[in-house]
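Coordinate inspection notes
As a plain string of letters, each chain reads:
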Amino acid sequence: MFSTWTTRALNRCPNYALISLSFGGAIGLMFLMLGCALPIYNQYWPLFVLFFYILSPIPYCIARRLVDDTDAMSNACKELAIFLTTGIVVSAFGLPIVFARAHLIEWGACALVLTGNTVIFATILGFFLVFGSNDDFSWQQW
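Residues numbered from 1 in each chain as written. Predicted model: local features only at pLDDT ≥ 70, side-chain atom pairs only at ≥ 80, totals over all residues. Heavy atoms only, no water.

Under an unreviewed UniProt entry, the protein chain has the name Leptin receptor overlapping transcript-like 1 and belongs to Equus caballus. Listed under Sequence similarities (unreviewed entry) in UniProt, the entry text for the protein chain is "Belongs to the OB-RGRP/VPS55 family." Recorded in UniProt for the protein chain, the comment headed Function (unreviewed entry) runs: "Negatively regulates growth hormone (GH) receptor cell surface expression in liver. May play a role in liver resistance to GH during periods of reduced nutrient availability." (UniProt positions renumbered as here; feature names shortened; annotations may be inferred.)

Here it is, written out as structure tokens:
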């Protein structure tokens, strides 16, 4: 019931999608900040995953600019972009685990950062699913 309402609402007005994605990004960053700034953790090493948040959409954006979507077969440029994006996302999940194993951060902070990673990367994926099509309301207009 909720999912059909959400789908209809997102199809009617893209602003709902933008608001939902903004809310998801804020929740993900809240988990990241909680993993850093809570008094029992008080280590800011997990903020290095912000670089991965910035880097993750870049290969796919470059591939979308370079590749024509008219051919039905997959091409090497898009496959390379997806591979690089996957490597960046896996590195973002691996870095807090490495920090926790090296005793730079606590395991609770690692869990909060991993939760934030999940929410942020789901938000980035949602952005490309909602605004990635070449219709009248596309991210490429920005």
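**Re the packing of helix α4 (residues 58-66) against helix α5 (residues 76-101)**
At a minimum axis separation of 8 Å, α4 and α5 run at an interaxial angle of 170°. Taken as axis vectors, α4 and α5 run roughly antiparallel relative to one another. Contact residues: α4 offers P59, Y60, A63 and L66, while α5 offers C77, K78, A81, L84, T85 and I88. Tallied by class, residues from the contact of α4 with α5 come to 8 nonpolar, 1 polar and 1 charged. (Axes fitted to C-alpha atoms, helices over the stretch in contact; angles between N-to-C directions. Helix = DSSP H or I, 4+ residues; strand = E, 2+ residues; numbered from the N terminus. Parallel < 35°, antiparallel > 145°, perpendicular 65-115°, else oblique. Contact = heavy atoms within 4.5 Å. Nonpolar A, V, L, I, M, F, W, Y, C, P; charged D, E, K, R; others polar.)

**Section: the packing of aromatic side chains**
In this description, an aromatic ring pair is defined by two values, namely the gap between the centres and the angle between the planes. For the coordinates displayed, the defined rule picks out 7 aromatic pairs. When the centroid spacing of 5.5 Å and the interplanar angle of 80° are considered together, the rings of Y53 and F121 count as edge-to-face. Of this pair, Y53 sits in helix α3 (residues 49-55) while F121 sits in helix α6 (residues 107-131); the two residues are 68 residues apart in sequence, bridging distant segments of the chain. Judged by its relative accessible area of 9%, Y53 is buried. Of the residues examined, F121 reaches a relative accessible area of 10% and is grouped as buried. (Phe/Tyr/Trp six-rings, centres within 6.5 Å; stacked < 30°, edge-to-face > 60°. Buried < 20%, exposed > 50% of the residue type's maximum accessible area, 1.4 Å probe, protein only.)

**Examining the environment of S20**
Its place among the elements puts S20 in helix α2 (residues 14-37). Each C-alpha atom, one on S20 and one on F127, is 9.8 Å from the other, the two residues being 107 residues apart in sequence.

**What to know about the UniProt feature "transmembrane region" (unreviewed entry) in the protein chain**
Summarizing the sequence annotation, UniProt attributes the feature "transmembrane region" (unreviewed entry) to residues 16-41, 47-67, 79-99 and 105-131 in the numbering used throughout. Across residues 16-41 one finds 85% helix and 0% strand; the C-alpha atoms that close the span lie 35 Å apart.

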